[in-house]
Amino acid sequence: MIGSACSRRSIYAFTCLCQRIKQTDSEIVKMFEMSRPKAETEGFQEKQAPLRRGSVRILDERFIRILKIFKWGPDAEKALEVLKLKVDNELVREVLKIDMEISVKLQFFKWAGKRRNFEHDSTTYLALIRCLEEAGLTGEMWKTVQEMARSTCVITPADLSETVRILGRAKMVNKALSVFYQIKGRKCKPTATTYNSIILMLMQEGQHEKVRELYTEMCNEGNCFPDTVTYSALISSYAKLGCDDSAIRLFDEMKDNGLYPTAKIYTTLLAVYFKLGRVETALALVNEMKEKGCAPTVYTYTELIRGLGKAGRLEEAYSVFLSMLKEGCKPDVVLINNVVNLLGRGGRIGDALKLFDEMESLNCKPNVVTYNTIIKSLFESRAPVSEVSSWFEKMKANGVAPSSFTYSILIDGYCKKNRVENALALLEEMDEKCFPPCPAAYCSLINSLGKAKRYEAANELFQELKESCGSSSSRVYAVMIKHFGKCGRLTEAVDLFNEMQKLGCSPDVYAYNAVMSGLVRAGMLDDAFSMLRAMEENGCAPDLNSFNIILNGLAKTSDPQRAIEMFTKMKHSTIKPDAVSYNTILGCLSRAGMFEEAARLMKEMRANGFEYDLITYSSILEAVGNIIGDGTYQTS
């Protein structure tokens, strides 16, 4: 059996390889010489120039063939000797460039490192590190980086920068920091470029606090000063951390140091100023940018348009967009989406749809966000349901896959249009498409079912969401608690409130208000007051609705004085009464027969720009029977 196997193998093996043990050294090399045409080889010995050590031609034509066939081993070692290729750093780098298995490169690298009178330098280490990164062998790559850091070879700031970048790409952030400090402490002084490499890596991983530490350390070096790249990264980090004053200070500092801000830096500062509500300063910054010869980019215009839109300056934002087009700056889909959004919010749905139609001519392809924005704007503009549905179908026909947010917008819109069955069908479609349960969609449906007094159906959906997610959001709990309170199932409402706390879902102001509203409905005013105090003690700030709920409960009691006291307290607090608060007290005064006080309150309401509740107003006038021409009640 063994003999027959050997004979079969010999059929497929090169005859010369079977006999290689008998070959001379020169024959090993000769075997791998490239065949040449006869005319080319005639007189070759006379014409051939002396072969240069380290020649890429020699490496390509013979040694590479040996490595690819024999891999690394005694034959390849013998070839090195015969070809008189001295093992040095240049040879190692050239071998590592060869397109062959990474294991062969590793074996060769380790073998070379054990040769007498040879030591790897940073160039050979980095050559191998690059190969290992490309092969995805992060463990072996980290070992090689550690070996380089421990070795006696010189590591330049450029080498250190590249090492940090490679480790950063491999998401080995802590290891990159470790090597940075290890090499910095023994081998080289980092330059601004080196610090920039590690700062940019930390930014990509969201470690903005560490970026600040690196900046302080960099400034303390004494011989290493931040450049434009450093300032760009730092200003961006400070902005993301919400340290707006520090971002502005750094911007001024870089200009004082004679550095010119880039468009990216100006854009970051623009967003900061808009966030702080400093709209005029933001506009002045854009003018400064242009005066300094720094052309605004599409990202700059996006921030400018978004900022003006949030500030309620719709016409200015739209004018900026039109001016940008005239200046030849090409918009991208993100900018177009922002313009469509602000036009929709401003009630200019016609302009929004017109811009959508122009997107193709602007070389912008609508994406899922574009369609979501159009659909949401159509609902807000009270467009017919059929028109909204046609856009949903158009979206799918154009190959744009609806997202979970698309379904959430549609479900919410259908619920507000009292199309609950359509909304339920979309929820079913979401499930069929394997979208994860969307709390916002469930919230809209549960609320609509509750308003329709379909409490059991609402509770079924609530339980379904809990089973799917293991819990539910604070807002969904609040909606379910509110409807349990409305239908008199107060015990279940309170149980749900306690359940969400046990599950670690911190109640928000809506959840507290929902419970308080149920307690007030049940006439349990003292419990409602206790809930208001507990809310404040737990760090959840009451809103205007919280006080109006309590005020409404007090107004319905036989003693109006407590309601008046709370109303007066509200007027002297940071949360001022609104039209609901005034009308609640008006109703209370009317029921108590306190018409003079009601008349004074009505004058106060008008002075503060609030409208009367028609029902309350009519009841007061009917009780007194004294209506004057200008619509106010006159006392004697």
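How each quantity is defined
Residues numbered from 1 in each chain as written. Predicted model: local features only at pLDDT ≥ 70, side-chain atom pairs only at ≥ 80, totals over all residues. Heavy atoms only, no water. Helix = DSSP H or I, 4+ residues; strand = E, 2+ residues; numbered from the N terminus. Buried < 20%, exposed > 50% of the residue type's maximum accessible area, 1.4 Å probe, protein only. Salt bridge = Lys/Arg side-chain N within 4 Å of Asp/Glu carboxyl O. Phe/Tyr/Trp six-rings, centres within 6.5 Å; stacked < 30°, edge-to-face > 60°. Lys NZ or Arg CZ within 6 Å of the ring centre and 35° of its normal. Patch = residues over 30% accessible without salt bridge, like charges linked within 9 Å, V, L, I, M, F, W, Y side chains within 5 Å. Areas by Shrake-Rupley, 256 points an atom, 1.4 Å probe, with all protein chains shown as cover. Lys, Arg positive; Asp, Glu negative; His and termini not counted. Charge placed at Lys NZ, Arg CZ, Asp CG, Glu CD. Axes fitted to C-alpha atoms, helices over the stretch in contact; angles between N-to-C directions. Parallel < 35°, antiparallel > 145°, perpendicular 65-115°, else oblique. Contact = heavy atoms within 4.5 Å. Nonpolar A, V, L, I, M, F, W, Y, C, P; charged D, E, K, R; others polar. Expected span 1.5 Å × (residues − 1). Polar contact = N/O pair within 3.5 Å; in protein donor to acceptor, adjacent residues only side chain to side chain. Arc of directions from axis to C-beta.

Engineer: Give me the environment of C469: which residues, what numbers.
Structural biologist: Looking at the secondary structure, you find C469 in helix 29 (residues 455-469). The class for C469 is partly exposed, based on a relative accessible area of 37%.

Engineer: So what's going on with the pattern of salt bridges? Residues and values would help.
Structural biologist: This structure, assessed with the given rule, holds 23 salt bridges. In this structure, R130 and E162 form a salt bridge, with 2.6 Å as the shortest nitrogen-oxygen distance. Residue R130 is found in helix 10 (residues 122-135), and its partner E162 is found in helix 12 (residues 157-169); the two are separated by 32 residues along the sequence. Linking R249 and E253 is a salt bridge whose minimum nitrogen-to-oxygen distance equals 3.5 Å.

Engineer: How would you sum up the packing of aromatic side chains? Please name residues and give values.
Structural biologist: The final tally for this structure, using the stated rule, is 16 aromatic pairs. Ring centres 5.2 Å apart and planes at 65 degrees place the aromatic pair F497 and Y512 in the edge-to-face group. Taken together, the residues F497 in helix 31 (residues 490-502) and Y512 in helix 32 (residues 509-521) connect sequence positions 15 residues apart. Each residue in the set F180, Y181 and Y195 is aromatic and connected to the rest through ring pairs, giving one cluster. The ring of W391 has K394 lying over it, and the distance from NZ or CZ to the ring centre is 4.2 Å.

Engineer: Which residues make up a positive patch on the surface, and what are the values?
Structural biologist: A cluster of basic residues, K451, K486, R521, K556 and R591, forms a positive patch on the protein surface. Following the sequence through the fold, K556 ends up in the loop between helix 34 (544-555) and helix 35 (560-571).

Engineer: Explain a negative patch on the surface to me, using residue names and the numbers behind them.
Structural biologist: Judged by side-chain charge, E428, D431, E432, E460, E464 and E467 come together as a negatively charged surface patch. Structurally, the position occupied by D431 is in helix 27 (residues 420-432).

Engineer: Lay out the packing of helix 12 against helix 14 (residues 192-204) in plain terms, naming residues and giving numbers.
Structural biologist: The axes of two packed helices give the description: the angle between them and the distance between them. Between helix 12 and helix 14, whose axes approach to 8 Å, the crossing angle comes to 10 degrees. With respect to helix 14, the element helix 12 is oriented roughly parallel. Here P157, L160, S161, V164, R165 and G168 of helix 12 lie close against helix 14, whose contacting residues are T193, T194, S197, I198 and M201. By residue class, the composition of the contact of helix 12 with helix 14 is 5 nonpolar, 5 polar and 1 charged.

Engineer: Residue-level account of helix 34, with values.
Structural biologist: Its 12 residues place the ends of helix 34 16 Å apart at the C-alpha level, agreeing with the 16 Å of an ideal helix rising 1.5 Å per residue. Taking burial as the measure, the 12 residues of helix 34 include 9 buried ones, the bulk of the element. Listing the buried residues of helix 34 in full gives S546, F547, N548, I549, I550, L551, G553, L554 and A555. The distance from a side-chain oxygen at the start of helix 34 to the backbone nitrogen of N545 is 3.2 Å, and the residue carrying that oxygen is D543.

Engineer: Residues and numbers for helix 29, please.
Structural biologist: Every α-helix winds through 3.6 residues per turn, so residues three or four apart in the chain are directed the same way. The end-to-end C-alpha distance of helix 29 is 21 Å, a good match for the 21 Å that 15 residues give at a rise of 1.5 Å each. Restricting attention to buried positions, one finds in helix 29 the residues Y455, A458, N459, L461, F462, L465 and K466. One side of helix 29 carries all its buried residues, which in axial view fall inside an arc of 160 degrees. Away from its buried face, by an angle of more than 90 degrees, helix 29 presents the exposed residues E460 and E467.

Engineer: Give me the side chain of H483: which residues, what numbers.
Structural biologist: Relative to the helices and strands, H483 is located in helix 30 (residues 474-486). Overall, the relative accessible area of 1% leaves H483 in the buried class. Once residues within four sequence positions are removed from consideration, H483 is found in contact with I446, N447, G450, K451 and Y455.

Engineer: Describe the side chain of S408, listing the residues and the values that go with them.
Structural biologist: With respect to the element layout, S408 can be found in helix 26 (residues 404-416). Each residue touching S408, except ones within four places of it in the same chain, is listed here: C438, A440 and A441.

Engineer: Go over unusual backbone geometry, please, and point to the residues and values.
Structural biologist: Even without being glycine, N418 reaches a positive phi, approximately 65 degrees. On the secondary structure map, N418 appears in the loop between helix 26 and helix 27. Positive phi is not limited to glycine here, since K453 has a value of about 60 degrees. With respect to the helices, strands and loops of the structure, K453 is situated in the loop between helix 28 (439-451) and helix 29.

Shape is all these values report; function is a separate question.
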